[in-house]
Amino acid sequence: MKKQFVTLAVATLLVGTAFAQANDTLAKVKAAGSITMGVRDSSGALSYTLGDGKYVGYHVEICQRIIANVEKAVGKKLEVKYTPVTSQNRIPLVENGTVDIECGSTTNNEARQKQVAFAFTTYVEEVRIAVRANSGITSIAQLNGKNVATTTGTTSVQLLRKNERATGVDFKEVFGKDHADSFLLLESGRADAFVMDGQILAGNIANSKAPADFKQVGEVLNVEPIAIMFRKDDPAFKKLADDTIAGMAKSGELAKLYDKWFVQAIPPKNIKLSMPASDANKDAWKNLNDKPVEAYAKK
Amino acid sequence: MTLDWQVFLQDDGGGRTYLEWMFEAWGWTLSVAGSAWVVAMASGCLMGILRTLPQDTRLNVWLARLANAWVELFRNIPVLVQIFLWYFVLPKVFPAMQQVPGFVLVVLGLGFFTSSRVAEMLRAGIQAMPRGQRYAAMAMGFTTWQTYRYVLLPIAFRTIWPPLTSESMNLLKNSSVAFAVSIAELTMYAMQVQEETSRGIEVYLAVTALYTVSAFAVNRVMALVERRMQIPGLVVAGNVGGGH
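Below: a short report on this structure.

The rules we used
- Residues numbered from 1 in each chain as written.
- Chains lettered and ligands numbered in written order.
- Predicted model: local features only at pLDDT ≥ 70, side-chain atom pairs only at ≥ 80, totals over all residues.
- Helix = DSSP H or I, 4+ residues; strand = E, 2+ residues; numbered from the N terminus.
- Rg over C-alpha atoms; globule rule 2.2 N^0.38 Å.
- Contact = placed C-beta atoms within 7 Å.
- Pairing = 2+ DSSP bridges.
- Buried ≥ 20, exposed ≤ 12 C-beta atoms within 10 Å, placed from the backbone.

**Things to note about the overall build of chain A**
1) Next: Counting its secondary structure elements, chain A contains 12 helices and 14 strands.
2) Next: For chain A, whose C-alpha radius of gyration is 21 Å, the value lies close to the compact-globule estimate of 19 Å for 299 residues.
3) Next: Dimensions of chain A, computed from C-alpha atoms along their principal axes, come out at roughly 80 × 40 × 35 Å.
4) Next: Counting only contacts in chain A whose residues sit at least 6 apart along the sequence, the fraction spanning at least 24 positions is 77%.

**With respect to the sheet that holds strand 3 (residues 47–51) of chain A**
The strands making up a sheet are joined through hydrogen bonds of the backbone, oriented either antiparallel or parallel.
Residues and elements named next belong to chain A.
1) Next: Here 3 strands make up an open sheet; going across it, the order is 2-3-4 and the pairing antiparallel. Each edge of the open sheet is held by one strand with a lone partner, namely strand 2 (42–43) and strand 4 (54–56).
2) Next: Note: strand 2 against strand 3, 2 bridges, orientation antiparallel. Bridge assignment links S42 to a residue of strand 3, and that residue is Y48.

**With respect to the pairing of strand 11 (residues 193–197) of chain A**
All names here are of chain A.
1) Next: For strand 11, the buried fraction is high: 5 of the 5 residues fall into the buried class.
2) Next: Across 5 bridges, strand 8 (residues 123–132) lies against strand 11 in antiparallel orientation. Bridging across to strand 11, I129 finds its partner in V195.
3) Next: As judged from the 2 bridges shared by strand 9 (residues 147–151) and strand 11, these two strands associate in the parallel manner. In the sheet register, A149 faces strand 11, and the bridge partner there is F194.

This is the structure we're talking about:
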């Protein structure tokens with residue numbers, strides 16, 4: 001009885017220290033014997049589910065490499081737990097320690113950098129316009145007076161609003177509750193255009209009933225660095241993640257992974273997004289950095 | 001985790017603060033819920049009455065069947081699915097509906113969904129009364145319309161007022177499904193703004209407070225009406241006086 005009590009007290013103490021060192025992710029995962037990866041259900045080819053609790057994608061695969069290096073650093077095999085996150089809960093879950101490393105489609109911006117930290121940018125997103133191929137729309141200026149769809153809870157909404165004020169092009173915004181819904185707005189004619197991240201548009205078009213009926217047109221509205229996210233003020237973990245990415249960039253593995261997810265056929269339907277790496281992407285791999293989106297706008 | 005309420009004073013990029021936007025969104029929530037309440041009460045009461053009509057003429061039999069079908073149709077389909085049917089499916093079938101604004105569709109969708117529940121309450125309220133009341137009215141020579149207007153409905157409404165209060169509050173909270181068809185109401189505001197500002201906790205707390213205040217206001221108004229309608233000595237409305 002007494003022995004059990006002592007064990008309990010020691011265990012409580014250990015848990016206590018684990019909490020005290022909340023921002024030392026390496027110590028935390030070593031103590032727990034497991035690491036939790038935050039993943040998305042449908043963030044294009046960056047992170048998505050195949051069903052059955054299986055998650056795959058470009059960022060998921062990069063995270064798996066980082067976790068392999070974490071295992072080397074802590075000197076033991078870790079159990080990898082996958083936790084699906086949403087745009088609403090991903091930052092609180094990383095902050096409170098539920099998720100150790102988020103591998104989805106999070107834009108690195110200044111507001112978020114106050115709460116969390118990002119690894120080197122691994123993917124540069126271009127926000128673009130998708131229209132029905134027969135609509136004759138080729139640029140944002142032609143959207144005057146038209147209905148423009150975008151998805152609630154994305155930065156594209158804010159972007160549209162700013163763009164509207166800057167250019168005086170006056171369009172009506174309609175909001176889908178998720179990307180599939182926004183695409184339905186475009187497909188059903190309720191909207192004339194769908195403004196969203198290029199790879200999400202490509203994925204929705206490739207998955208639609210008649211992919212030839214839709215196309216991406218016009219200028220790139222915005223460029224956003226998308227990166228893997230983890231807790232702030234944890235230099236050891238950030239260095240490990242950054243070093244892993246730097247190693248992959250140097251060996252050309254990053255470009256190969258990109259090709260695997262964004263150019264070649266991907267599961268589950270074996271469709272091709274056919275989106276060769278943009279110059280912005282190649283530039284990010286060459287000059288590795290964790291600059292927020294605001295730094296891109298200044299260029 | 002520290003809360004940062006300054007976030008509501010920031011500009012949203014379009015020339016208004018997040019606070020202003022939140023009150024606009026609140027306005028949408030109240031408009032959707034208010035309009036849907038009117039639709040729900042009007043069609044719900046009509047259907048509830050039709051279901052209790054005396055089955056003595058062929059017309060009444062068919063009216064009761066229609067009302068039964070109405071209630072079963074609207075209460076057996078989840079409300080979110082109904083909203084989608086109104087917004088995406090019906091306009092495909094009837095292209096003219098393409099031009100109808102989303103606001104009208106969501107008011108109809110939410111209103112008819114709630115109407116099925118109001119109809120059932122009213123039916124229960126009428127059927128809970130002793131059958132003698134109806135017979136007494138008939139014996140006095142009242143027409144069916146007069147029987148309902150002067151004998152059955154005044155008591156039935158007093159009986160069902162407390163559940164009707166809950167239903168009205170539910171309707172206000174159910175109005176959050178309007179976000180699914182791009183009405184810029186509070187739930188959509190919360191989802192969008194927490195993304196733009198990365199201050200989800202503050203945004204959701206504020207929106208929760210607004211929902212609570214609105215629902216409680218509905219509760220108080222309904223309770224006031226309940227007190228005012230009280231008939232001294234009538235057991236059903238009793239001397240409870242509250243709406244909780």
